[in-house]
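# Notes for the structure review
Here is what each chain is made of, one letter per residue.
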Amino acid sequence: RDWSALREMPGATQEGLLNAVAALKEDGRQELTLLVLGKGGVGKSSTINSLLNERVANVTAFQQDVAKPVVYSRHAAGFTLHCIDTPSILEQDNVSDARLEAIGKAVRGRPVDALLYLDRLDCYKVDSLDHKAVEGITRVLGPRIWDNAVLGLTRASESATPAGLEFQQHVEQRAEALRSAVAKAGGSVEEMAVALIENSSRCPTNADGEKVVPGEVPWVVDLVEKVAEVALNVEPFEYDPRAAARASNPNRRRKWLIPLVLAAQ
């Protein structure tokens, strides 16, 4: 579909998005696929709605996640953006391998240029469910998926900051804790950028009418720029269930060293 809602965004936002698109087109790209993952209630559907400036995904107080992966594609300026919305990767207090496998099936044969992994800024610790979520993604999709990741922190307002901390300190601590969880699961965190996101209708705006997060950062443009940077600098992720299983199995890592060790003995 034509991305008609792009023309309804503030002029500065349109310019920022089209500049990111131009950089991708200069690199010979005609499309970009963004996969959005996270637990339930972190704002996956809301973020896609904000990004596309459309209510493509229905978000209510009692049903905050889609039932299965859904692809929303929009075309503008000779370029196509594909956003893949996904259900929660948790079912109650456990990782749902069935949901993760359905996500894998949805992207099989479709190169993923960037992963947007979402969590909330107004949560103050990484708990066992966070570790289970990250480990589940790594186990089913493979650790290679994290090479293409941008970490998105939703509900990014001053009110998300706990007492005794500056806003930026809290962002850095929250991001570092989540990066550590990814690293512990076997994923790469060296180039994982952080994007702040505020989907609330009460999100403040700047003089140009753009939605901004603390620091006067227009967050929609900032998010797209970080996603585009990943797409320009990292090879797309391609899901292969067999390769993912081999890479995520710690018993299979570095098995090529065994003959060398035996020879040395």
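What counts as what
Residues numbered from 1 in each chain as written. Predicted model: local features only at pLDDT ≥ 70, side-chain atom pairs only at ≥ 80, totals over all residues. Heavy atoms only, no water. Disulfide = S-S within 2.5 Å. Buried < 20%, exposed > 50% of the residue type's maximum accessible area, 1.4 Å probe, protein only. Core = buried A, V, L, I, M, F, W, Y, C linked by side-chain atoms within 4.5 Å. Helix = DSSP H or I, 4+ residues; strand = E, 2+ residues; numbered from the N terminus. Expected span 1.5 Å × (residues − 1). Arc of directions from axis to C-beta.

As annotated in an unreviewed UniProt entry, the chain carries the name AIG1-type G domain-containing protein and comes from Chlorella variabilis.

### Things to note about the state of the cysteines
Within this structure, the stated rule accounts for 0 disulfides. This cysteine, Cys-83, is not joined by any disulfide, and Cys-203 carries the nearest cysteine sulfur, 18 Å off. Looking at Cys-203, the relative accessible area reads 8%, which means it is buried.

### Structural notes on the nonpolar core
Membership of the largest hydrophobic core comes to 77 residues, with the highest contact counts inside it found for Trp-3, Leu-35, Ile-137 and Trp-146. Take this core: its biggest share by element is 9 residues, from helix α6 (residues 219-233).

### Concerning helix α1 (residues 11-26)
Since the α-helix turns once every 3.6 residues, residues separated by three or four places project in the same direction. An ideal rise of 1.5 Å per residue puts 22 Å on 16 residues; α1 measures up with 22 Å between its terminal C-alpha atoms. Regarding α1, the residues found buried are Thr-13, Gln-14, Gly-16, Leu-17, Ala-20, Val-21 and Leu-24. For α1, the buried positions fall inside an angular range of 165° around the axis, keeping them on one side. Projecting away from the buried face of α1 at angles above 90 degrees are the exposed residues Glu-15 and Glu-26.

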